Amino acid sequence: MDHAIRRSFRTDAIHFTTLWSLGTAHPIFDLLGENPEFFVAHDAHALDLAGFVLFVCGLGPLVALSATWAASRIGPRSRSLMTWMVVTSFLFVVVLPIVKRSWEWDAVLTLTAAGSMSGLLAWGYVRLSALRLFVTFLAPAIIVVPLLFVLQPGVTRLLRASEVRSFQGVEFTMTPPVVMVVFDQLPLVSLLDRDGRIDASLYPSFASLADEATWFSNASGVAGLTELAMPALLTGIRPTLGRLPVADDYPGNLFTLFGSRYRVVATEPITRLCPDTVCQGNRPSLLTWLRASLSDVVIVYLHIVLPDAIADRLPPVTRNWKDFAANDTWMGRWEAHRGSDRERLVTDFVRAIGPTAEDGRPPFYFLHLLLPHEPWVYLPSGQRYATGSVAGLNRDGNWADNEMAVLRSYQRHLLQVRFADELLGRILERLRHVGLYDDALIVVTADHGAGFQPGGSFRRPNRSLFVETAAVPLVIKVPGQHSGEVIRTNTETIDVVPTMAGVLGADLPWVPDGADMLAPDAAGRPKKKMILADGSGSVAGPGDLAPVLAEMVAQKYARFDLPDGFNQPNIGLYDELVGRRLSELDVATTSAVEVFIDGHVLFEDVDPAGPFVPAHLTGAVTGPDSAARASILAVSLNGVVAGVTRPYSFPVGGREGAWELVIDARLVLSGANDVGVYVVRPDRDGSVVLDEAFRMTDTTRNANLILDQAGPALGVTTAGFFLTEWAGPRPFRWTARTATLHIPVDLDTPPETLIIDVLMTGPTRKALTITVNDDCTVFDGKVFGGWSASLPLSGCRIDRGTVEVRLRSDVSVLSHSDRRELGVAVGSIELR
């Protein structure tokens with residue numbers, strides 16, 4: 001390579017890195033630098049952050065230089081064309097946010113305009129030396145962009161994290177076993193019965209503990225976000241914006257207090273307040289950490305640059321600080337990891353509880369359990385019944401002004417609160433079994449609550465909805481306590497650590513904002529206060545929440561005659577039909593409206609005792625717009641009206657006419673279940689007629705394996721499939737270049753046929769290869785448009801309990817508004 005060519009490549013390297021830094025690295029660093037909680041949630045240490053910076057800054061330029069070098073091997077024209085393409089793509093992500101903010105255009109026009117401008121500027125870059133010189137002048141961005149990121153206060157603190165150690169020399173009057181369980185997003189209102197007591201019939205574990213402990217019935221959290229609420233809970237200090245939920249920012253906390261005297265076993269899925277010197281954990285390698293984090297980074301970046309109409313289809317980034325790439329389906333990462341981990345966290349926690357420590361030190365068991373935090377997918381039994389999607393919860397954390405959408409979510413929340421109670425019961429039972437319960441100091445509480453008011457915020461406190469977000473359960477059982485007591489003094493979660501220290505006779509080596517609420521002179525405060533996460537200040541609430549709590553509990557019972565999660569909410573849409581048999585009603589066989597049920601085949605062979613029970617029905621209505629939107633739907637299960645609902649007035653996941661219903665899972669029978677949907681029509685005499693709009697008639701026991709529900713119902717796992725989309729009432733999923741399904745099968749009755757239905761391929765014929773278990777090719781050819789086939793598996797060896805189906809295809813880009821590389825749009829895959 002001669003001197004001129006080397007100089008040209010050096011220039012390309014500088015220019016590509018400059019454009020990449022401005023268009024890609026800068027927006028990522030800008031957002032994450034201001035929100036370092038992202039790195040805390042991903043348990044990032046200094047080496048991880050350094051690798052992250054190098055990867056984000058260098059990936060794009062490295063790929064671009066490799067492509068340009070390969071093109072230069074073909075010839076100057078190819079190199080020039082590749083340079084234009086690279087510069088166009090790098091400029092596109094610079095120009096797109098500018099166009100997005102400057103003009104209120106639709107997504108197609110925004111993308112087209114940004115693409116045209118980028119292509120024109122790239123043409124000028126290739127042709128005009130003045131533009132290339134201008135890019136050279138911007139080259140300091142290569143250093144400035146990452147430097148500004150690492151100089152952000154939060155990132156700097158993570159990079160220079162010190163080795164926090166436990167306090168030495170702290171004197172304890174007593175050192176009994178200590179157990180602390182913190183639930184996430186659990187409003188006290190959910191637990192209370194009509195009389196303001198913990199409902200023993202619905203929440204027996206909480207109630208039984210309160211019967212033998214001290215219940216602080218006027219307790220409240222001090223922040224509505226976990227990254228603020230947990231440090232306050234574990235330090236006794238009111239949260240301060242700008243501090244991270246890590247030990248370096250909160251060196252005085254419950255873990256460092258106990259670390260020198262106790263054997264600490266802590267489960268912290270979100271925060272990192274227990275230092276490595278106290279809690280030894282298994283650190284993943286840098287490559288493993290990067291792989292686990294980059295999918296979230298991609299989602300964050302796309303939210304920044306894409307038009308809102310497209311970004312709204314992406315997974316939300318406002319609810320959690322990790323696993324954004326988890327889509328709102330059963331097969332998403334949230335459901336596959338965070339969802340399943342929530343129960344496993346308790347299983348591992350319970351298993352770790354033992355009678356004595358090997359080194360003779362008393363144990364301190366701590367669990368932050370991500371329940372009943374959404375996604376709401378659990379029945380009280382721990383079985384799953386639903387997808388993680390939440391209709392009506394906007395991206396800004398506010399509910400839609402739609403009472404029915406909020407009530408459906410509230411119903412699902414109540415089901416999950418009952419599961420949280422069941423898990424608490426497992427922990428208490430284990431403590432009794434190993435002989436720790438009587439002598440232990442046990443603390444059970446929650447970091448914050450949640451609001452369920454139409455048009456209101458889900459978790460942001462305000463003066464009118466303060467109690468839902470603020471009021472939380474707080475139950476403390478001191479060693480040897482067997483009789484219950486209720487303390488109504490104004491208590492906040494910042495009082496928990498001082499109260500625990502008071503029980504143990506320890507002087508805190510830092511000054512808390514909270515106080516020992518079991519002390520004889522405990523007086524409480526005249527007001528409550530919750531900090532706002534956006535830095536706009538705080539919200540004050542009354543010192544006594546009892547009157548407002550009573551109002552909220554009364555509202556709960558007005559919404560539900562029995563708030564057990566199984567009973568339907570009172571939505572005023574022919575509620576009296578629920579529970580009646582179809583044989584008692586006037587049923588017609590025709591309707592102008594057709595109703596589609598997602599995954600209705602899952603009702604064909606149900607095991608009510610299995611891990612999944614199909615109790616969350618979703619779908620959409622089709623037909624004349626006015627009739628469809630006005631439809632009131634009665635859903636029947638096995639000849640009985642299980643619930644009444646209506647289509648939402650807003651799109652759900654981009655889907656018009658969407659509806660949902662949570663039915664009583666106890667009504668689902670073993671084997672085949674008959675589901676029907678009817679449009680409720682008032683008759684002239686004041687009675688109602690049910691016009692049949694959908695009725696399941698397919699008696700096959702095969703399920704569409706790409707449906708979202710196939711994961712929990714059938715144990716199917718997928719990779720390489722994009723999110724579910726809709727073609728009218730039909731769901732489909734685009735494949736990437738390679739897509740796989742792993743399907744459990746019964747070797748006594750192995751599948752004989754693979755049935756596939758492709759709805760579309762895009763603009764071109766595409767080569768498609770389908771293999772089973774790696775080495776058995778059942779199709780190898782080209783497809784175009786709609787294509788279906790029944791492919792015999794007689795030549796394939798099926799000798800293990802899982803069948804792998806792999807699809808490899810050509811890919812294409814549909815349009816400027818959809819730059820995904822798509823293979824084929826699969827409507828269904830079945831094994832028979």
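Residues numbered from 1 in each chain as written. Predicted model: local features only at pLDDT ≥ 70, side-chain atom pairs only at ≥ 80, totals over all residues. Heavy atoms only, no water.

Sorry, what's going on with the sheet that holds strand β4 (residues 263-267) here?
Through backbone hydrogen bonds, the strands of a sheet pair up, either in parallel or in antiparallel fashion. A sheet is described by the order of its strands in space; here 7 strands give the open sequence β4-β5-β1-β6-β7-β2-β8, paired in mixed fashion. Since the sheet does not close on itself, it has two edges, and those belong to β4 and β8 (485-487), each with one partner. Geometrically, the sheet is characterised by an average inter-axis angle of 15 degrees between neighbouring strands, direction not taken into account. Against the sheet, helix α10 (residues 226-235) engages β1 (178-184), β5 (363-372) and β6 (441-446), with an angle of about 160 degrees to β1. Across the sheet, helix α15 (residues 403-433) touches β1, β5 and β6, and the angle it forms with β5 is around 165 degrees. (Pairing = 2+ DSSP bridges. Helix = DSSP H or I, 4+ residues; strand = E, 2+ residues; numbered from the N terminus. Axes fitted to C-alpha atoms, helices over the stretch in contact; angles between N-to-C directions. Contact = heavy atoms within 4.5 Å.)

Whenever I open this one, the packing of aromatic side chains confuses me. Can you help?
The geometry of an aromatic ring pair is captured by two quantities: the separation of the ring centres and the angle between the planes. In total, this model carries 27 aromatic pairs according to the counting rule given. Between the aromatic rings of Phe732 and Trp734, the centroid separation amounts to 6.4 Å while the plane-to-plane angle is 80 degrees, which identifies the pairing as edge-to-face. Just as Phe732 is buried, Trp734 falls in that class too. A network of ring pairs unites the aromatic residues Phe172, Phe255, Phe258, Tyr262, Phe364 and Phe366 as a single cluster. One cation-aromatic arrangement involves Arg79 over Phe9; the distance from NZ or CZ to the ring centre is 4.5 Å. Sitting over the face of the ring of Tyr250, Arg243 holds its NZ or CZ atom 4.0 Å from the ring centroid. (Phe/Tyr/Trp six-rings, centres within 6.5 Å; stacked < 30°, edge-to-face > 60°. Buried < 20%, exposed > 50% of the residue type's maximum accessible area, 1.4 Å probe, protein only. Lys NZ or Arg CZ within 6 Å of the ring centre and 35° of its normal.)

Quick question: what am I supposed to make of the nonpolar core here?
Note on soluble globular proteins: their nonpolar side chains tend to be buried together. The biggest cluster of nonpolar side chains holds 117 residues, and the ones touching the most others in it are Phe183, Phe206, Ile427, Leu431, Val595, Trp659 and Ile663. Of all the elements, α15 adds the most residues to this core, at 15 residues. Among all residues touching Ile427, those that are not within four sequence positions of it are Val181, Val346, Phe349, Val350, Ile353 and Leu367. The next biggest cluster of nonpolar side chains, apart from the first, holds 39 residues, and it includes Phe216, Leu233, Tyr250 and Phe366. (Core = buried A, V, L, I, M, F, W, Y, C linked by side-chain atoms within 4.5 Å.)

What is the right way to read the sheet that holds strand β13 (residues 594-597) from this model?
Taken in spatial order, the 3 strands line up as β13-β14-β17 in an open sheet, and their pairing is antiparallel. Edge strands, defined here as strands with exactly one partner in the open sheet, are β13 and β17 (658-662). Looking at each pair of strands side by side, their axes are set apart by 30 degrees on average, direction ignored. In the sheet, strand β14 (residues 616-622) pairs with β17 via 5 bridges, with the strands oriented antiparallel. Each bridged residue has a counterpart across the sheet, and for Leu617 the counterpart in β17 is Leu661. Across the sheet, α15 is in contact with β14 and β17; its angle to β17 comes to roughly 35 degrees.

When you look at the state of the cysteines in this model, what are you seeing that I'm missing?
Two cysteines form a disulfide when their sulfur atoms are joined by a covalent bond. Using the criterion set out here, one finds 2 disulfides in the structure. A disulfide bridge connects Cys274 with Cys279, and the sulfur atoms are separated by 1.9 Å. In this structure the cystine formed by Cys274 and Cys279 twists about its S-S bond by roughly 80 degrees; its chirality is therefore right-handed. Cys279 shares its class with Cys274; the two are buried. Cys776 shares a disulfide with Cys796; S-S distance 1.9 Å. On the S-S bond that ties Cys776 to Cys796, the torsion sits near -65 degrees, and the link is left-handed. Of this pair, Cys776 sits in strand β25 (residues 776-783) while Cys796 sits in the loop between β26 (787-792) and β27 (802-809), placing them 20 residues apart in sequence. Under the relative-accessibility criterion, Cys776 is labelled buried at 10%. With cysteine numbering restricted to those in disulfides and following the sequence, the chain has the pairing 1-2, 3-4. (Disulfide = S-S within 2.5 Å.)

Purely spatial values, then, with no claim about function.
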